Amino acid sequence: MKALKITAFLLFALLFVACGKQQQQQNVTRKDANEKIQGTQKVTDSKIERGKAVYDETGCATCHAIKGVGGKIGPALDGIGKKYDSKKMGEILLEPQKLNPNTVMPPFEGSEEDLEALVAYLMSLK
Ligand code: HEC
């Protein structure tokens, strides 16, 4: 009778440990998934970050202001991400004369990658 009790106890103990292990594994998967999501977030953020650098390097601020910082030759770009979609934004940067045939804004001449980053940055201004 005593041996049966001990066996039963051991079985329960084993079950308990096994459940704990499974729980731990679930936690690990969730952590992995979260890290993956955070990872993609970082990629997007760094693209916007790069876009801001392109904006600064290209001298857009000579003519445009964001949050009150920059020139007044062109319109302020606060909230510009709400005005256009990213396709239109890219078109404006490549061919500003489509916006105004006599515009003083020069067309963007950087790489495709920098253009994409710049658009991502402008689209983030909402
Ligand atoms: C020499 C001045 C000048 C520079 C440099 C310049 N822009 Fe412009 N930009 C303008 C002007 C002026 C307009 C308004 C269009 C017009 O009537 O000519 C404009 C319009 C725009 C618009 C559309 C604004 C709206 O409200 O519709 C965007 C977006 C824009 N510029 C982004 C940029 C970015 C990004 C850069 C840097 C790569 C840049 N501009 C460089 C003068 C400039």
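Residues numbered from 1 in each chain as written. Predicted model: local features only at pLDDT ≥ 70, side-chain atom pairs only at ≥ 80, totals over all residues.

### Examining the overall build of the protein
Here is step 1 of the chain: Along the backbone of the protein there are four helices and two strands.
Here is step 2 of the chain: Ordering the α and β elements of the protein from the N terminus gives α-β-β-α-α-α.
Here is step 3 of the chain: Burial status across the protein gives 12% buried among its 126 residues.
Here is step 4 of the chain: The contacts of the protein with a sequence gap of at least 6 include a subset with a gap of at least 24, amounting to 57%. (Helix = DSSP H or I, 4+ residues; strand = E, 2+ residues; numbered from the N terminus. Buried ≥ 20, exposed ≤ 12 C-beta atoms within 10 Å, placed from the backbone. Contact = placed C-beta atoms within 7 Å.)

### Let's talk about the site of the ligand
Here is step 1 of the chain: Neighbouring the ligand are 25 residues, the closest being Cys60, Cys63, Gly74, Thr103 and Met105.
Here is step 2 of the chain: For the shell around the ligand, the elements supplying multiple residues, two or more each, are α1 (2-58), α2 (80-83), α3 (86-94) and α4 (112-123).
Here is step 3 of the chain: Among the residues forming the shell around the ligand, the class breakdown is 17 nonpolar, seven polar and one charged. (Near = placed C-beta within 6 Å. Nonpolar A, V, L, I, M, F, W, Y, C, P; charged D, E, K, R; others polar.)

### Notes on α3
Here is step 1 of the chain: Within the span of α3, buried status applies to Met89, Ile92 and Leu93. All buried residues of α3 fall inside an arc of 95° around its axis, so they share one side. Seen from the buried face of α3, the exposed residues on the opposite side, beyond 90 degrees, are Lys87 and Leu94.
Here is step 2 of the chain: Buried residues in α3 make contact with α4. (Arc of directions from axis to C-beta.)

### Structural notes on the nonpolar core
Note on soluble globular proteins: their nonpolar side chains tend to be buried together.
Here is step 1 of the chain: One finds Tyr55, Met89, Ala117, Leu118, Val119, Tyr121 and Leu122 to be the most contacted residues of the largest nonpolar core, which totals 13 residues.
Here is step 2 of the chain: Here this core gets six residues from one element, more than from any other, and that element is α4.
Here is step 3 of the chain: Not counting residues within four places of it along the chain, the set of residues in contact with Met89 comprises Tyr84, Val119, Leu122 and Met123. (Core = buried A, V, L, I, M, F, W, Y, C linked by C-beta atoms within 7 Å.)

### So, unusual backbone geometry
Backbone geometry follows two general trends: most residues other than glycine have a negative phi, and most peptide bonds adopt the trans configuration.
Here is step 1 of the chain: At Lys67, a residue that is not glycine, the phi angle is positive and equals roughly 55°.
Here is step 2 of the chain: Within the secondary structure layout, Lys67 lies in the loop between β1 (65-66) and β2 (69-70).

### Some points on the packing of α3 against α4
Here is step 1 of the chain: Interhelical geometry of α3 versus α4 gives an angle of 120° and a closest axis separation of 10 Å. Regarding the angle of α3 to α4, the classification is oblique. Every pair of crossing elements has a handedness; the one defined by α3 and α4 is right-handed. Taken together, the residues of α4 that come into contact with α3 (itself represented by Ser86, Met89, Gly90 and Leu93) are Leu115, Leu118, Val119, Leu122 and Met123.
Here is step 2 of the chain: When grouped by side-chain class, the residues that make up the contact of α3 with α4 number seven nonpolar, two polar and no charged. (Axes fitted to C-alpha atoms, helices over the stretch in contact; angles between N-to-C directions. Parallel < 35°, antiparallel > 145°, perpendicular 65-115°, else oblique. Left-handed = near helix turned anticlockwise from the far one by under 90°.)

### Topic: the environment of Gly81
Here is step 1 of the chain: Note on placement: Gly81 falls in helix α2.
Here is step 2 of the chain: As a C-alpha pair, Gly81 and Met123 span 42 residues in sequence and 3.9 Å in three-dimensional space.

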